[in-house]
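Okay, here's what each chain looks like letter by letter:
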Amino acid sequence: MADADFQRQALQHLDALYNFAVYLTRNPPEADDLVQETYLRAFRFSHRFQPGTHLRAWLFQILRNTFLTFYRLRERETAIAEDGVPDWDVPMFHDTSTDEGGALEAHTDLERAMRRLPEEFRTVLLLAEVEGMPLEEVARVMACPVGTVKSRIFRAKERLRGLLKDYEKK
Amino acid sequence: MSDELRGPEDDALGRRLAAELPRYTAPARLRVGLVAATDRPRRPVWLAPLIAAAATALALVLFMLPVLPRIVPADPVQQVVRAVVNEHSRVLMWDARQPKIIPGDLPWLSHETGIDLQRAFVGDDRLTFVSAEPVYLTRQRGLAVHYRDVDGHLVSYIMLPAEPTFTMNEGDRVAIAGRWRPMLKRDGGFVTWVWRQGDVACFLVSDMVSQDDLERFKDYFVRVRVATEPTIAY
């Protein structure tokens, strides 16, 4: 694929990537940086992209890996459950406090509940339900088997429902 | 979504997520910045191989550096001066290898070096004799006599057979006491008086490089030059 073509096609996914980045970082300036870094990497390593495969999944995979690489160090270390999902109710990346500069406020209970999900759960719901990606693509982005993706979606929704009920009670 | 895990509640929540979760659109400046970044002129295709070739050549040169021919001074006297200074530096750091005394060891020194001392400066109130020893410099045997002055400067007097290439450069010559005109050579932070005495090339080396020291060094030259008479023994 020619460079110009590749770049043009890659930029078609900018809004989707930015939306994903905002939900991962919860901070628009950081989302900006994350998306920029994602595109820089994608353009630099465009020769590694196999034409015919899904460019969107490849870009999301780069963004998520970049996020995990750059942001993991900031976060506290926590125990990981057997299926790789942290077994607690607090987010894996970034606390929900809004005292950080540029942090985004949640407007709805649904958004608030999404923010409280661990990164693996949040990502799997965003990709499968919001972006409408097939499970195979989600599995590629998350570098795990399709069965694990299904399991995470199930558990993510279960946890999301629980959080939404808590908000309704309040 | 999976059939076995997905129930009506899951479907409804999925639809709710797709419909109600706010979507954030990339700011215009981000789009503009990325487009501008993609429009930047790229490096010419020939540049990468050229840089790679240059880097390879540089690596080869660095690898071969130890075996490449060294640039040596064109002036033969300067080559000898460098060897003399090196020998002086060695003695300065590690002392003489075979310290001998004069005049007691003169016969042995003369036999070993091929240089005979008819008269020898054995020190005075300013310069104290330290040792004498045979040396081998620029493929020639020679004789080195070391003194130390009252301030602790080591002064080495080295004598070698004068080769045909040994010539006195007029530009380097300095008049001393209206009687002698040795050459003054500077090399590696040392100064050397160079002169010819018959068939013997003589060198007086020290680290007395400052202007005041140099005046004293002239005086040392006079003391050594007047009292020493080297000749080729055989």
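Because the structure is a prediction, the values reported are computed rather than measured. (Residues numbered from 1 in each chain as written. Chains lettered and ligands numbered in written order. Predicted model: local features only at pLDDT ≥ 70, side-chain atom pairs only at ≥ 80, totals over all residues.)

A. Expanded view of the interface of chain B and chain A. Taken together, the contact pairs 21 residues of chain B with 27 residues of chain A. When contributions to the side of chain B that touches chain A are tallied by element, the ones reaching two or more residues are α1 (8-20) and α2 (28-39) of chain B. If one sorts the elements of the side of chain B that touches chain A by residue count, α1 of chain B sits on top with 7 residues. Looking at the side of chain B that touches chain A residue by residue, the class counts come to 12 nonpolar, 4 polar and 5 charged. (Contact = placed C-beta atoms within 7 Å. Helix = DSSP H or I, 4+ residues; strand = E, 2+ residues; numbered from the N terminus. Nonpolar A, V, L, I, M, F, W, Y, C, P; charged D, E, K, R; others polar.)

B. Structural context of helix α6 (residues 119-130) of chain A. All names here are of chain A. Counting buried positions over the 12 residues of α6 gives 11, a clear majority of the element. Along α6, the positions that sit buried rather than exposed are Glu 119, Glu 120, Phe 121, Arg 122, Thr 123, Val 124, Leu 125, Leu 126, Leu 127, Ala 128 and Glu 129. Positive phi appears at Gly 132, one or two residues downstream of α6, with a value of about 70°. (Buried ≥ 20, exposed ≤ 12 C-beta atoms within 10 Å, placed from the backbone.)

C. Local environment of the confidence of the model for chain A. Within chain A, residue pLDDT values average 80, and 77% of them lie at 70 or more. Ignoring residues within four places in sequence, the model shows residues 76-100 of chain A, a span with pLDDT below 50, making 35 contacts including any to other chains. (pLDDT = per-residue confidence, 0-100.)

D. Representation of unusual backbone geometry within the structure. Residue and element names in this part refer to chain B. In this chain, Ile 102 is followed by Pro 103 through a cis amide linkage whose omega measures 10°. By secondary structure assignment, the location of Pro 103 is in the loop between α4 (76-94) and α5 (106-113). Even without being glycine, Thr 138 reaches a positive phi, approximately 45°. Position of Thr 138 relative to the elements: it lies in the loop between β2 (127-137) and β3 (140-149).

E. View of the environment of Pro 164 of chain B. You can see Pro 164 of chain B is positioned in the loop between β4 (154-161) and β5 (183-187). Along the sequence, Pro 164 of chain B and Asp 199 of chain B sit 35 residues apart, while their C-alpha atoms lie 9.6 Å from each other.

F. A look at the nonpolar core. Residues and elements named next belong to chain A. Counting 42 residues, the largest nonpolar core has Leu 17, Phe 20, Ala 21, Leu 63 and Val 124 as its most contacted members. For this core, the secondary-structure elements that each account for two or more residues are α2 (14-25), α3 (28-44), α4 (55-71), α5 (109-116), α6, α7 (135-142) and α8 (146-169). The biggest single contributor to this core is α2, with 8 residues. Setting aside anything within four residues of it in sequence, one finds Leu 63 in contact with Leu 17, Phe 20, Ala 21, Leu 34 and Thr 38. (Core = buried A, V, L, I, M, F, W, Y, C linked by C-beta atoms within 7 Å.)

G. Structural context of the packing of α2 of chain A against α3 of chain A. Residues and elements named next belong to chain A. The contact between α2 and α3 brings their axes to 8 Å, and the two run at 130°. In terms of axis orientation, α2 runs oblique to α3. In the crossing of α2 with α3, the sense of the turn from one axis to the other is right-handed. Taken together, the residues of α3 that come into contact with α2 (itself represented by Leu 17, Tyr 18, Ala 21, Val 22 and Thr 25) are Pro 28, Glu 30, Ala 31, Leu 34, Val 35 and Thr 38. Residue classes in the contact of α2 with α3 are distributed as 8 nonpolar, 2 polar and 1 charged. (Axes fitted to C-alpha atoms, helices over the stretch in contact; angles between N-to-C directions. Parallel < 35°, antiparallel > 145°, perpendicular 65-115°, else oblique. Left-handed = near helix turned anticlockwise from the far one by under 90°.)

H. How the structure looks around the sheet that holds strand β7 (residues 200-206) of chain B. All names here are of chain B. Strand order in the open sheet formed by 6 strands is β2-β3-β4-β7-β6-β5, and the pairing between neighbours is antiparallel. The sheet is open, and its two borders are formed by β2 and β5, each paired with just one other strand. Put simply, the sheet's adjacent strands are angled 20° from each other on average, direction ignored. For strand β6 (residues 190-197) and β7, the ladder comprises 7 bridges, and the chain directions are antiparallel. In the strand pairing of β7, Arg 196 is matched with Ala 201. (Pairing = 2+ DSSP bridges.)

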